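Report on the structure
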Amino acid sequence: MMRLLKRIVLWALLLVLGAAGIGWFTLDKETRGLISTFPTNRDLLFWNLEQRDAAFRALDRIPLLAKWRTIQPAAQPRPLPPGPPLALPLDVDAYMAGQRSAALLIVQGGRLRLERYGLGFDAHGRWTSFSVAKSLTSTLVGAALRDGHIRSMDDKVSDYIPAMKGSAYDDVSVRQLLSMTSGVQWNEDYGDPDSDVARFNNHQPEPGADALVSYMRRLPRAAPPGQRWNYSTGETNLVGVLVSQAAKRPIAQYLQEEVWQPVGMEQQATWILSKTGHEISGCCVQAASRDFARFGQFILEGARVDGTSVVPDGWLGEATRKQADIGEPGRGYGYQWWTYDDGAFAARGIFGQGIFIDPKRELVIVSNANWAGGARDEVASAAREDFYRAVQQAVDDEAARR
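A quick note: this is a predicted structure, and the numbers were derived from the prediction, not measured. (Residues numbered from 1 in each chain as written. Predicted model: local features only at pLDDT ≥ 70, side-chain atom pairs only at ≥ 80, totals over all residues. Heavy atoms only, no water.)

Side note on the nonpolar core
As a reminder, the rule being used: We define a nonpolar core as any set of buried Ala, Val, Leu, Ile, Met, Phe, Trp, Tyr and Cys residues linked to one another through side-chain atoms lying within 4.5 Å. Only protein chains enter the area calculation, which uses a 1.4 Å probe; residues under 20% of their type maximum are buried, those over 50% are exposed, and those in between are partly exposed. Only DSSP runs of H or I with at least four residues qualify as helices, and only runs of E with at least two residues qualify as strands; both kinds are numbered from the N terminus onward. We call two residues in contact whenever any of their non-hydrogen atoms come within 4.5 Å of each other.
Counting residues in each nonpolar core, the largest one holds 104 residues, and the members touching the most others are Val141 and Leu238. Broken down by element, the residue count for this core peaks at eight residues, all from helix 5 (residues 132-147). In contact with Leu238, not counting residues within four places along its chain, are Val157, Ile161, Met164, Tyr169, Leu177, Leu212, Val213 and Met216. Residues Val92, Leu104, Leu114 and Val391 belong to the second largest nonpolar core, which totals 19 residues.

Focus on the pairing of strand 2 (residues 101-108)
What counts, and what does not: In this description, strands pair whenever DSSP reports at least two bridges between them.
Among the eight residues that make up strand 2, eight are buried, leaving the element largely enclosed by the rest of the structure. The pairing of strand 2 with strand 3 (residues 111-117) spans six bridges and is antiparallel. Within strand 3, the position partnered with Val107 by the bridge is Leu112. If you look at the hairpin formed by strand 2 and strand 3, you'll find two residues sitting between the two strands, and Gly109 has a positive phi there, around 65°.

Overview of the packing of helix 11 (residues 251-263) against helix 12 (residues 289-300)
To keep things clear, this is the line we draw: Fitting a line to C-alpha atoms yields each axis, with helices limited to the stretch in contact; the angle taken between N-to-C directions then spans 0 to 180 degrees. We call two directions roughly parallel when the angle between them is under 35 degrees, roughly antiparallel when it is over 145, roughly perpendicular when it lies between 65 and 115, and oblique otherwise. Each residue is assigned to one class: nonpolar for Ala, Val, Leu, Ile, Met, Phe, Trp, Tyr, Cys and Pro, charged for Asp, Glu, Lys and Arg, and polar for all the others, Gly among them.
Contact pair helix 11 / helix 12: the axes reach a minimum separation of 10 Å and the direction vectors enclose 105°. Between helix 11 and helix 12, the angle falls in the class roughly perpendicular. In this structure, helix 11 contributes Val259, Trp260 and Val263 to the contact, and helix 12 contributes Asp291, Arg294, Phe295 and Phe298. Counted by class, the contact of helix 11 with helix 12 contains five nonpolar, no polar and two charged residues.

Regarding the pairing of strand 5 (residues 269-272)
Residues Ala269 and Trp271 point to one face of strand 5 and Thr270 and Ile272 to the other, with burial holding for every one of them. Direction of pairing for strand 1 (residues 68-71) relative to strand 5: antiparallel, over a ladder of four bridges. Bridge pairing in strand 5 places Ile71 opposite Ala269.

Side note on the layout of surface pockets
The condition that has to hold: Any residue with an atom within 4 Å of a point lines the site, the site being either a cavity, points on a 1 Å grid over the protein atoms alone where a 1.4 Å probe fits but cannot get out, or a pocket, an open set with protein on both sides within 12 Å along at least 5 of 7 lines. Grid points are joined across faces, edges and corners, and a volume is the space filled by probe spheres set on the points.
Estimates place the volume of the second largest pocket at around 530 Å³. Trp338, Arg348, Ala375, Arg376 and Ser381 are, among the 19 residues lining the second largest pocket, the residues nearest its centre. The element best represented in the lining of the second largest pocket is helix 14 (residues 378-401), accounting for five residues. Among the residues making up the lining of the second largest pocket, the classes are represented as eight nonpolar, three polar and eight charged.

Thoughts on the environment of Gln261
Going by this rule: We call two N or O atoms a polar contact when they sit within 3.5 Å, provided that within protein one can donate a hydrogen and the other can accept it, with sequence-adjacent residues counted only if both atoms are side-chain atoms.
Within the secondary structure, Gln261 sits in helix 11. With 47 residues separating them in the primary sequence, Gln261 and Ser214 have C-alpha atoms 33 Å apart. If we skip the residues at most four places from it in the chain, Gln261 touches Gln72, Pro73, Ala74 and Gln256. Among the polar contacts listed, one links the side chain of Gln261 to the backbone oxygen of Pro73, at a separation of 3.4 Å.

A word on unusual backbone geometry
With a phi angle near 45°, Phe130 is a residue other than glycine that sits in the positive phi range. Inspection of the secondary structure puts Phe130 in the loop between strand 4 (127-128) and helix 5.

Here's the deal with the environment of Trp68
By secondary structure assignment, the location of Trp68 is in strand 1. Here the alpha-carbon distance between Trp68 and Ala133, two residues 65 residues apart in the chain, equals 14 Å. Leaving out residues up to four positions away in the same chain, Trp68 has contacts with Leu59, Asp60, Arg61, Ile62, Pro63, Thr270, Trp271, Ile272 and Leu273.

Focus on the packing of aromatic side chains
Our working rule: Centre distance within 6.5 Å is the pairing criterion for rings of Phe, Tyr and Trp, where only the six-membered ring of Trp is used; planes under 30 degrees apart are then read as stacked, over 60 as edge-to-face, and the remainder as tilted.
For the structure shown, the criterion picks out 21 aromatic pairs. Between Trp229 and Tyr231, the aromatic rings sit 6.3 Å apart at their centres with planes inclined by 50°, giving tilted as the arrangement. On the basis of an interplanar angle of 40° and a centroid distance of 5.8 Å, the ring pair of Trp315 and Tyr335 is categorised as tilted. Of this pair, Trp315 sits in helix 13 (residues 315-319) while Tyr335 sits in the loop between strand 9 (331-333) and strand 10 (338-340), placing them 20 residues apart in sequence. The exposure class assigned to Trp315 is buried, which follows from its relative accessible area of 6%. Tyr335 sits in the buried class, given a relative accessible area of 0%. Through a chain of ring-to-ring contacts, three or more aromatic side chains come together here, namely Phe56, Tyr117, Phe121, Trp127, Phe130 and Phe351.

Here it is, written out as structure tokens:
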């Protein structure tokens, strides 16, 4: 009997191992990569390089790690017609290696003039946006204004989020929230585990309260509204709650309705949720690099679909123009867009994600990366700015030869 029992246990173990093996090989490569380097904590800011490499392409694969809403693509994708290669005065492969680049695309004159991938990533995968999502969220504010869900940029935050009444945000307008000039105290130090940006995702809200709102309404005032710019991911997350409550739908659904499907995105995207079920709107849209390029081209064309603007007349010009001084010559901050005094503007993510838009040159540059130096890699950041200037110069040189 003991021998028979041992044999049954052995066969059961072999069946379990066999099933696990079959299950492993049926997973896609991104999910297998994430499982093999599964992080030891939930705080992404402090994951190591290998963990980030795996996670940035697969944050929406394992519900244990994160939950998300899906954004469905268009029935007919917008074409990205190829154009002649752009002659660049630099070694693109060396640049991408220095950036630890997963994707680099250049669309100029409406044509795809460069498309390269790295880190084992490709055109079919989704890469997480980090703060590039801020500029998508900003566009949804414009859509909500056009649709009448938000009455005015000068309305108060607490008009749309009643739970903020009595907080430091009671006197803050939608405009000030979008330009990050609320004057409310916030610490965005990515290297400090006690900073607000590191702590708010782990905040335990009061029963029945939204986690973000619960955290943000406790923050003290540091300056009068409108007088000081201070970068705050928490405030963009609050913008997302505001839009969701005003439009009476999740912002992932609103993005699908107003942008993703009308513009003609090719692949589904996902938006990571907070513990209480709101999209983390200052971060974490997972999308294909070509669809980030389509979004950039849509903005370049005035946020229009078939000649109809998704946002009110003149609003996009305000959003992409300097609304706040950030203390850097030639730079500024608009409504969740980083601005340049030459008329260009950009969406930026902290590990090398980016959409750079230069209307004068009809130029969109999409970057997805995992900077070796982490969230604030000054060397990689400077190199990316140099690359933007080199591409601008290449476009100018080409125009001069015609």
